[in-house]
Amino acid sequence: MKLVFAGLASVLFVIGNAAAASLDMASAEAMMKKDGCAACHAVDKIIIGPSYQEVAAKYKGDKDAPAKLVKKVKEGGSGVWGQVPMPPNVTTPDADVKALVGWILTLKK
Ligand code: HEC
């Protein structure tokens, strides 16, 4: 019994850790849809906004990128990728914005 419990606890620990560290592809795409990002963004193609792979490539090695992009997603803006503005995403929870930006920056072409 003790062994079963220990096993279960370590499985839960692994799951919890994975969620905190980074989103996997499926949960990230679900979050993009839930938060409305998917209307304008896809991982590998331009919709209205840049593809997330292009975003990751542009900010590769930029240690200020996570903070900068979290602010940009929340406040919106234009001029980095073209004249089309991203509207402010004010209703998206902070935790979602941070998780999505973190995930976007890990994408590779
Ligand atoms: C109505 C369309 C629209 C929605 C909804 C939208 N975006 Fe964007 N996004 C854009 C456009 C357009 C740009 C390019 C802005 C620019 O050129 O500065 C952009 C740019 C970005 C960038 C790069 C910013 C930069 O300065 O390089 C990130 C990261 C991003 N979006 C993430 C998100 C996330 C996460 C969400 C959902 C919470 C989201 N976007 C929702 C249209 C949208």
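These numbers were taken from a predicted model, which means no experiment stands behind them.

K.L.:
Looking at this model, I keep getting lost on the overall build of the protein chain. Mind explaining?
P.N.:
From N to C terminus, the protein chain includes five helices and zero strands. From first element to last, N terminus to C terminus, the protein chain shows the α and β order α-α-α-α-α. For the protein chain, the proportion of its 109 residues judged to be buried stands at 15%. Taking as baseline every contact in the protein chain between residues at least 6 positions apart, the subset at least 24 positions apart corresponds to 55%.

K.L.:
Would you take a moment to explain the packing of helix 2 (residues 25–34) against helix 5 (residues 94–104) for this structure?
P.N.:
How two helices sit against one another is set out by the angle between their axes and by the gap between those axes. As a packed pair, helix 2 and helix 5 sit with axes 11 Å apart at the nearest point and diverge in direction by 130°. Taken together, helix 2 and helix 5 sit at an angle that is classed as oblique. Between helix 2 and helix 5 the crossing geometry is left-handed. In this structure, helix 2 uses Ala28, Met31 and Met32 to contact helix 5, whose residues at the interface are Asp96, Ala99, Leu100 and Trp103. Classifying every residue of the contact of helix 2 with helix 5 by side-chain character gives six nonpolar, no polar and one charged.

K.L.:
What is the right way to look at the confidence of the model for the protein chain in this model?
P.N.:
As a note on interpretation, predicted positions should not be read in detail where pLDDT is low. This prediction gives the protein chain a mean pLDDT of 89; 81% of its residues lie at or above 70. Every residue in residues 15–20 scores below 50 in pLDDT, and together they form zero contacts with partners more than four places removed in sequence or on other chains.

K.L.:
Is there a simple way to think about the site of the ligand in this case?
P.N.:
What surrounds the ligand is a group of 27 residues, the closest being Cys37, Cys40, Gly49, Trp81 and Met86. For the shell around the ligand, the secondary-structure elements that each account for two or more residues are helix 4 (65–75) and helix 5. Counted by class, the shell around the ligand contains 16 nonpolar, nine polar and two charged residues.

K.L.:
Is there a simple way to explain the environment of Ala39 in this structure?
P.N.:
Mapped onto the elements, Ala39 comes out in the loop between helix 2 and helix 3 (52–58). Separated by ten residues in sequence, Ala39 and Gly49 place their C-alpha atoms 9.1 Å apart.

Quick notes on the rules
- Residues numbered from 1 in each chain as written.
- Predicted model: local features only at pLDDT ≥ 70, side-chain atom pairs only at ≥ 80, totals over all residues.
- Helix = DSSP H or I, 4+ residues; strand = E, 2+ residues; numbered from the N terminus.
- Buried ≥ 20, exposed ≤ 12 C-beta atoms within 10 Å, placed from the backbone.
- Contact = placed C-beta atoms within 7 Å.
- Axes fitted to C-alpha atoms, helices over the stretch in contact; angles between N-to-C directions.
- Parallel < 35°, antiparallel > 145°, perpendicular 65-115°, else oblique.
- Left-handed = near helix turned anticlockwise from the far one by under 90°.
- Nonpolar A, V, L, I, M, F, W, Y, C, P; charged D, E, K, R; others polar.
- pLDDT = per-residue confidence, 0-100.
- Near = placed C-beta within 6 Å.

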